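Residue strings, one per chain:
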Amino acid sequence: MTGNATNVTREAREPLVAAAKRHHMPVIAILVATPVSVCVERQGPRPANRTVPDDTVRAQHKAMVHSHPALLAEGFNEVVFADSLHRLLPYLQRLSRCF
């Protein structure tokens, strides 16, 4: 189960966390530390029907940055920054034994 910029609020993440827990799966937040300027810049090449106003991108970025410290309290088992994905190995090994 994944989330993205549309899941920048606790309310948006709650059903995702609940679903993972209901299925006895670890709940892991993976954060990609992309500067807001890059997020805004990446809107340029997108088709017109897929762009988001710059102020919306900035607001979503700010909301995600501010939510980071509370993710564990929301029920996430782990919060991992993309540059340290190796920390997921124990979870992936556990999951591989389930299937």
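Residues numbered from 1 in each chain as written. Predicted model: local features only at pLDDT ≥ 70, side-chain atom pairs only at ≥ 80, totals over all residues. Heavy atoms only, no water.

The next thing to look at is the nonpolar core. Soluble globular proteins tend to pack their nonpolar side chains together in the buried interior. Residues V17, A20, V27, A29, L31, L71, F76 and V79 constitute the largest nonpolar core, which totals 8 residues. Looking at this core, the elements with two or more residues in it are α1 (10–22) and β1 (28–31). Leaving out residues up to four positions away in the same chain, A29 has contacts with L71, F76, E78, V79 and V80. (Core = buried A, V, L, I, M, F, W, Y, C linked by side-chain atoms within 4.5 Å. Buried < 20%, exposed > 50% of the residue type's maximum accessible area, 1.4 Å probe, protein only. Helix = DSSP H or I, 4+ residues; strand = E, 2+ residues; numbered from the N terminus. Contact = heavy atoms within 4.5 Å.)

Here we come to the environment of V80. Turning to its location among the elements, V80 is positioned in strand β2 (residues 78–81). In sequence terms V80 and V32 are 48 residues apart; their C-alpha atoms lie 8.8 Å from each other.

End to end, α1 covers 18 Å across 13 residues, agreeing with the expected 18 Å (1.5 Å per residue, within 8%). Turning to α1, its buried residues are R13, V17, A19 and A20. The buried residues of α1 occupy an angular sector of 160 degrees when the element is viewed end-on, so they sit on one face. In α1, the exposed residues that point more than 90 degrees away from the buried face are E11 and R22. (Expected span 1.5 Å × (residues − 1). Arc of directions from axis to C-beta.)

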